[in-house]
Structure formats: C-alpha cells, structure tokens
There are 2 protein chains.
Amino acid sequence: MQLTLHADYSLRILIHLAAHPDRLVDAGELAQAYGVSRHHLVKVGSKLAHLGYVEAVRGRNGGLRLKKEPGLIVVGAVVRRVEPDFDIAECFDRGRNTCPIAPACGFKGALAEARDAFLRVLDSYTLADLARRRATLEGLWWSPTREGANSAKGVKSGRTKGARRKASEGS
Amino acid sequence: MQLTLHADYSLRILIHLAAHPDRLVDAGELAQAYGVSRHHLVKVGSKLAHLGYVEAVRGRNGGLRLKKEPGLIVVGAVVRRVEPDFDIAECFDRGRNTCPIAPACGFKGALAEARDAFLRVLDSYTLADLARRRATLEGLWWSPTREGANSAKGVKSGRTKGARRKASEGS
C-alpha cells in the first residue's frame, strides 16, 4: 500500500519551499536537491500552483514559493488533493468494481474507516511540522554549491546515493 | 493509495469460506463466485494455507476451509501478512529510497503514524464481522446453480456485471 510518486514529490517540493521561505526556488534546483527528473517536478509544481499551494513566478529568475505560511498548510488536506484517489480496494469505485458482494461485504466499511483514520492523523500535521529540522535538512539536499565545495576538497561530486545516505545517517 | 489485488483476493476467499463453514470450497467455485481467474485464486489460496488461515484438502473432492473460527481471525493481522509491504512512501525502504532528506524529514514519521492508525482500525474487526450479512452475501455470489435456474426462467446467464450490480443494489 503506497502513495503515488506524484503525492510523494508534491510533499518534497513543499518541504523544500518551506525551508527556503525567503526566495524563489526553480525546478532545476529542486531536481538537483532531490536527484529526480526536472520534467516530473515541473509537472508536480504546476499542479501545486493550480491547487493554490504555491505561486509560480515566470521568467529567467522565476521559480516557486509557498502561497501560505507552512503552519497553515495541513498535510492531510494536501495529500487528499495530490493523491489521485483513496480507493483502497476495487469496490470503492463503482465504475471499476467487479466484486459481486460489495453491497453486503463488511470489508469495504472497515477499509473506509481505516482510510479515514489514516487521513485524520495527517490532518494533525502541518507543513511546518514536516520541515521543522530545517538546519539538518539543509545539509542533506544535494546542492551545486556544496558539491563544488566538496570537489575542491577532493571529494568526488559523483558520489553514490548509498554513500550519501551513509554519510547523512552518520551525522 | 490501494491494497494489492493479492490482499483483496485473500479477503474475498476468507469471506467466502467464513460464509460456508460446513463444507470444502474449491478454487473453481471461488473463481465462479467472484468472476475472477481460477489460477490467481489458487495462488492466493496457497498463500493463505501457508499462513495457517485455511486448510487445503487435496483430491477430487478437495478444497479449502478455514482453520480457525471467523471470530478469531483478526482482519488487521491478515492484511499485514497478505499485503506485500506497507512502505507508504519510498523512504520507508532503505534499499529503494533515493530521497536524500529521509533522515530529517517529518513526513516519514507522520506517514508511519497514519499507517499504524489504518492498521489499528482493521485490528478491531474479525472475519466474522466482514461476513456478518451471510444471507445477503449468499444471494450475491455468482452461482452455477442459480445461473442455471435463471437460464431456465429465461434470464440470460451471461448478464453484464453492471446489470448484476443494479440487481443486487435494488434488493
């Protein structure tokens, strides 16, 4: 049982923006920070702008910034809107369902109650909670500047993700 | 966010067995009852036998039956074991994770708490709860006998799923 990558990337973008409230962040920086496709992040960023969570400033020095304070952005509300659906099983979607016992089966009701409990927990968090460890986060994002500084110190900039993870866990 | 079909089919089999405690149910009957691939259900049934929820009796008149009373089978425990994983986002699996901020990001903790709330709800249900409306369920499963009876009355046995759904909702 997993969230889609779209939802995952939405939160990654929002967390990055929450940690950089004083400036615009462009798709290239986000792609570099997370080591994922710029194209994918542009699509996710557009959706976040459409939903009113971020403001997209066009142009050479453009980028994204949050439209609200992180403390006012409820994680459960975001997840409900960026996850394509919460049809935990086939029977949640009448158009797709093929299970004949849906009208009398107790599993559907139990799953709906479980899904609601899942979302209720996320409703108790704001974006500010997710980005609370800002100083530590800052040291974990891939940064062109830091990569350059590391290279100057003789550290290979093309280090593997495994090595990166090990380094961050050890800090 | 969805359970896998494997988990969905596991519960479908258990519910059918819970509603037919007095006899063995073979894969052909289950496939007919739910209108899904016999091959797939045989695989799911084997897993349920391996996990100790059902007993598989081999031979010409063989089939499956529950190994415990439905009231003793906790839905949350089943779902934990038949769903391949509850890695709600990539960062739950160190081997697969590519997100560099996992060590300091608050989203992972919030998602873990939400997942636990989801499973806690399912822990409050037993298989007996899911199959409580046994008489109604009995009228919803596709049955070779009923199909035959319907054919004799001039009802097409190859009726569509939509028609089937409509009929069951109207009852």
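So, here's what we can say about the structure. Along each chain, numbering runs from 1 in the same order as the chain's sequence is written. The lettering of chains begins at A and the numbering of ligands begins at 1, in the order of writing. pLDDT decides what is reported in this predicted model: residues at 70 or higher carry local features, side-chain atom pairs at 80 or more are listed and counted, and totals for whole chains, interfaces and linings draw on all residues regardless. As a rule here, side-chain values cover all heavy atoms of the structure and leave hydrogens and water aside.

1. A few points about the nonpolar core
The condition is simple: Nonpolar cores were defined as sets of buried Ala, Val, Leu, Ile, Met, Phe, Trp, Tyr and Cys residues, with membership established by side-chain atoms within 4.5 Å. Partly exposed describes any residue whose relative accessible area lies between the buried limit of under 20% and the exposed limit of over 50%, with all areas from a 1.4 Å probe on protein chains only and scaled to the type maximum. Two residues form a contact once any of their heavy atoms are found within 4.5 Å.
Grouped together as the largest cluster of nonpolar side chains are 114 residues, with contacts concentrated most on I15, F107 and F118 of chain A together with I15, F107 and F118 of chain B. Look past the residues within four positions of I15 of chain B in its chain and what remains in contact with it is I101, C105 and F107 of chain A together with Y34, L127, L130, A131, L137 and W141 of chain B.

2. Some details on helix α1 (residues 5–19) of chain A
As a reminder of what qualifies: Helix numbering and strand numbering both begin at the N terminus, where a helix is a DSSP run of H or I of at least 4 residues and a strand a DSSP run of E of at least 2. The length a helix should cover is 1.5 Å for every residue beyond the first.
For α1 of chain A, spanning 15 residues, the distance from its first C-alpha to its last is 21 Å, which sits close to the expected 21 Å at 1.5 Å a residue. In terms of burial, α1 of chain A is largely enclosed, as 13 of its 15 residues are buried.

3. Quick notes on the interface of chain A and chain B
Let me state the cut-off plainly: What gets called buried area is simply the loss in accessible area from a 1.4 Å probe that two parts show on being joined, summed for both. Whenever a carboxyl oxygen of Asp or Glu lies within 4 Å of a side-chain nitrogen of Lys or Arg, that contact is scored as a salt bridge. Each polar contact in these results corresponds to two N or O atoms within 3.5 Å; when the atoms are within protein, one needs to be able to donate a hydrogen and the other to accept it, and residues that are neighboring in sequence are counted only if both atoms are side-chain atoms. As a working rule, the residues Ala, Val, Leu, Ile, Met, Phe, Trp, Tyr, Cys and Pro are called nonpolar, Asp, Glu, Lys and Arg charged, and the rest polar, with Gly in that last group.
On the chain B side, the residues contacting the 54 residues of chain A number 54 residues. Where chain A abuts chain B, roughly 5,000 Å² becomes buried across the two surfaces, and 64% of that area is made up of carbon and sulfur atoms. Looking only at chain A, the three residues that lose the most surface to chain B are M1, P100 and F107 of chain A, adding up to 16% of its buried area. Viewed at the interface, chain B and chain A are joined by two salt bridges. For E90 of chain A, the salt bridge is made with R12 of chain B, and the minimal N-O distance between the two is 3.4 Å. In this structure, the connection of chain A to chain B is made through 14 residue pairs in polar contact (both at pLDDT 80 or more). Mapped by element, the contributors of at least two residues to the side of chain A that touches chain B are α1, α2 (27–34), α4 (75–82), α5 (106–123), α6 (127–130), α7 (134–140) and α9 (161–170) of chain A. Element by element, the count of residues in the side of chain A that touches chain B is highest for α5 of chain A, at 11 residues. Among the residues forming the side of chain A that touches chain B, the class breakdown is 32 nonpolar, six polar and 16 charged.

4. Notes on the relation of the copies chain A and chain B
Let me state the cut-off plainly: The atoms used to superpose the copies are C-alpha atoms, taken from residues with pLDDT of at least 70 in both, and the fit is least squares.
Expressed as a screw transformation, the operator carrying chain A onto chain B has a rotation angle of 180 degrees and an axial translation of 0.0 Å, and the superposed copies differ by an RMSD of 0.0 Å. Such a combination of turn and shift is consistent with a two-fold rotation axis. Closest to the rotation axis within chain A is the C-alpha of F118 of chain A, separated from it by 2.6 Å. Interface residue correspondence from chain A to chain B reaches 100%, placing this contact among same-surface, isologous pairings.

5. A few points about the pattern of salt bridges
In total, this model carries 16 salt bridges over all chains according to the counting rule given. The partner of E29 of chain B in a salt bridge is R23 of chain B, with the nearest N and O atoms 2.8 Å apart. A network of salt bridges, in which partner residues are shared, links D8 and R12 of chain A together with E90 of chain B.

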